[in-house]
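# Coordinate inspection notes
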Amino acid sequence: MKKLHIILYVLAAGLLVISCGKSRKPEVKEAAKAAADGLFGSVGEEMIYLMDDLTLFNEEYEKQGEKLRERLNEGDRKKPDSEYQEIINEGMALDKKMEEKKEEIYKKFSKYVEDMKGEKLPTEMAEGAPMKLLNPLIIVGSGRYGDVIQMEAQVELTADLPSVRGWDRGHSLYALFVDGKGNELYKGTISTDKIHNNKISLQAGYSETVRLTINMTSKSLFDILSAKRIVLAWI
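The rules we used
- Residues numbered from 1 in each chain as written.
- Predicted model: local features only at pLDDT ≥ 70, side-chain atom pairs only at ≥ 80, totals over all residues.
- Heavy atoms only, no water.
- Helix = DSSP H or I, 4+ residues; strand = E, 2+ residues; numbered from the N terminus.
- Buried < 20%, exposed > 50% of the residue type's maximum accessible area, 1.4 Å probe, protein only.
- Contact = heavy atoms within 4.5 Å.
- Phe/Tyr/Trp six-rings, centres within 6.5 Å; stacked < 30°, edge-to-face > 60°.
- Lys NZ or Arg CZ within 6 Å of the ring centre and 35° of its normal.
- Axes fitted to C-alpha atoms, helices over the stretch in contact; angles between N-to-C directions.
- Parallel < 35°, antiparallel > 145°, perpendicular 65-115°, else oblique.
- Left-handed = near helix turned anticlockwise from the far one by under 90°.
- Nonpolar A, V, L, I, M, F, W, Y, C, P; charged D, E, K, R; others polar.
- Salt bridge = Lys/Arg side-chain N within 4 Å of Asp/Glu carboxyl O.
- Pairing = 2+ DSSP bridges.
- Core = buried A, V, L, I, M, F, W, Y, C linked by side-chain atoms within 4.5 Å.

## Digging into the environment of serine 163
- By the element assignment, serine 163 lies in the loop between β3 (148-157) and β4 (173-178).
- Relative accessible area serves as the criterion here: at 41%, serine 163 is assigned to the partly exposed category.
- In sequence terms serine 163 and lysine 199 are 36 residues apart; their C-alpha atoms lie 5.0 Å from each other.
- Dropping the residues within four chain positions of it, serine 163 is found in contact with Arg169, Asn198, Lys199, Ile200 and Ser201.

## Re the packing of aromatic side chains
- Within the structure shown, the criterion is met by one aromatic pair.
- The aromatic ring of tyrosine 174 is capped on one face by lysine 187, whose charged end is 4.7 Å from the ring centroid.

## Topic: the packing of helix α2 (residues 26-36) against helix α3 (residues 42-73)
- Their axes nearest at 6 Å, the elements α2 and α3 cross at an angle of 155 degrees. The angle between the axes of α2 and α3 places the two elements in the roughly antiparallel class. In terms of crossing hand, the pair formed by α2 and α3 is right-handed. Residue-level contacts link Val28, Lys29, Ala31, Ala32, Ala35 and Ala36 of α2 to Ser42, Gly44, Glu45, Ile48, Tyr49 and Asp52 of α3.
- By residue class, the composition of the contact of α2 with α3 is seven nonpolar, two polar and three charged.

## So, the pattern of salt bridges
- In the structure shown here, the tally under the stated rule is 14 salt bridges.
- Of the charged contacts, one joins arginine 71 and glutamate 90 as a salt bridge, the two residues approaching to 2.6 Å between their closest N and O atoms. Taken as a pair, arginine 71 in helix α3 and glutamate 90 in helix α4 (residues 81-115) lie far apart in primary sequence, 19 residues in all. Here arginine 71 matches glutamate 90 in class, with each residue buried.
- Of the charged contacts in the structure, one is a salt bridge between aspartate 193 and arginine 211, with a shortest N-O distance of 2.8 Å.

## A closer look at the sheet that holds strand β6 (residues 207-215)
- Strand order across the open sheet formed by three strands is β2-β3-β6, with antiparallel pairing between neighbours. A strand with exactly one partner marks an edge of an open sheet, and here the two such strands are β2 (131-141) and β6. Across the sheet, the mean angle separating the axes of adjacent strands is 20 degrees when strand polarity is ignored.
- Bridge count between β2 and β3: seven bridges; the pairing is antiparallel. Within the sheet, the bridge partner assigned to isoleucine 138 lies in β3 and is glutamate 152.
- Across the sheet, α4 is in contact with β2 and β3; its angle to β3 comes to roughly 35 degrees.

## Here we look at the packing of α3 against α4
- Interaxial distance between α3 and α4 falls to 10 Å at its minimum, and their mutual angle equals 170 degrees. When the axis of α3 is compared with that of α4, the two are roughly antiparallel.
- In the contact of α3 with α4, the residues fall into 17 nonpolar, four polar and 10 charged.

## Focus on the sheet that holds strand β7 (residues 229-234)
- Spatially, β1-β7-β4-β5 is the arrangement adopted by the four strands of the open sheet, whose pairing is mixed. Every other strand in the sheet has two partners, leaving β1 (123-125) and β5 (184-189) as the edge strands with one partner each. Looking at each pair of strands side by side, their axes are set apart by 25 degrees on average, direction ignored.
- Direction of pairing for β4 relative to β5: antiparallel, over a ladder of five bridges. Note on β5: the bridge partner recorded for phenylalanine 177 is tyrosine 186.

## Looking at the nonpolar core
- Grouped together as the largest cluster of nonpolar side chains are 47 residues, with contacts concentrated most on Phe40, Ile149 and Phe177.
- Looking at this core, the element that brings in the most residues is α3, giving seven residues.
- Those residues in contact with phenylalanine 177 that sit more than four places away from it in its chain are Leu39, Asn183, Glu184, Leu185, Tyr186, Leu212, Ile214, Ile224, Ala227, Arg229 and Ile230.

## What to know about the environment of leucine 39
- Of note, leucine 39 is situated in the loop between α2 and α3.
- Given a relative accessible area of 12%, leucine 39 falls into the buried group.
- In this structure the C-alpha to C-alpha distance between leucine 39 and aspartate 179, which are 140 residues apart in sequence, comes to 9.9 Å.
- For leucine 39, the residues in contact, after removing those within four places along its chain, are Leu121, Pro122, Phe177, Ile224, Leu225, Ala227, Lys228, Arg229 and Ile230.

Written out as structure tokens, the structure is:
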């Protein structure tokens, strides 16, 4: 049990360093700075640090887990049952600590999103799209597990969309996250009820609520949070 306490102490100490921001990589600090001037302002900055907390904790978790696996396989395989059990207990404690940390981080992320609920995001409709924007993207929630940013917008067709053969209409609605110069940083898939359904013929004037979901653990979160605006494009 002494070794178990040592492992948990090391993890706690590591998390303390992380929370103080002393072990942040330069690219993380730069991303946080960019996010502070992005779509969600200071909240975006906090989200960057929160995701980095999870990344750093995952790295520490993997290191400690590897050490336990090495201990399990090192030396004489005919270890006393008590020694095997000790290693197993330490592994279970490590898993528990990981789950607790993930839950803590997801709760914080969810709180950030819920506090922004109802906020309108700078949204535009790209030229050439057979639709217009009725309402911009609005933050509507953090999802069942509190690890996503859910957004909705309302669009109206300005041209007919006839049904077609094949898998799709040949075009789909995407959300392009762009910087201040209009450069694309990230392309997110828009979810629709009927607009993407090639088997349905839709007429101009048809309106629909479309949805966009961003996952906290997305590898592109840094780019997403640093974007200045969102362009809906028919691609």
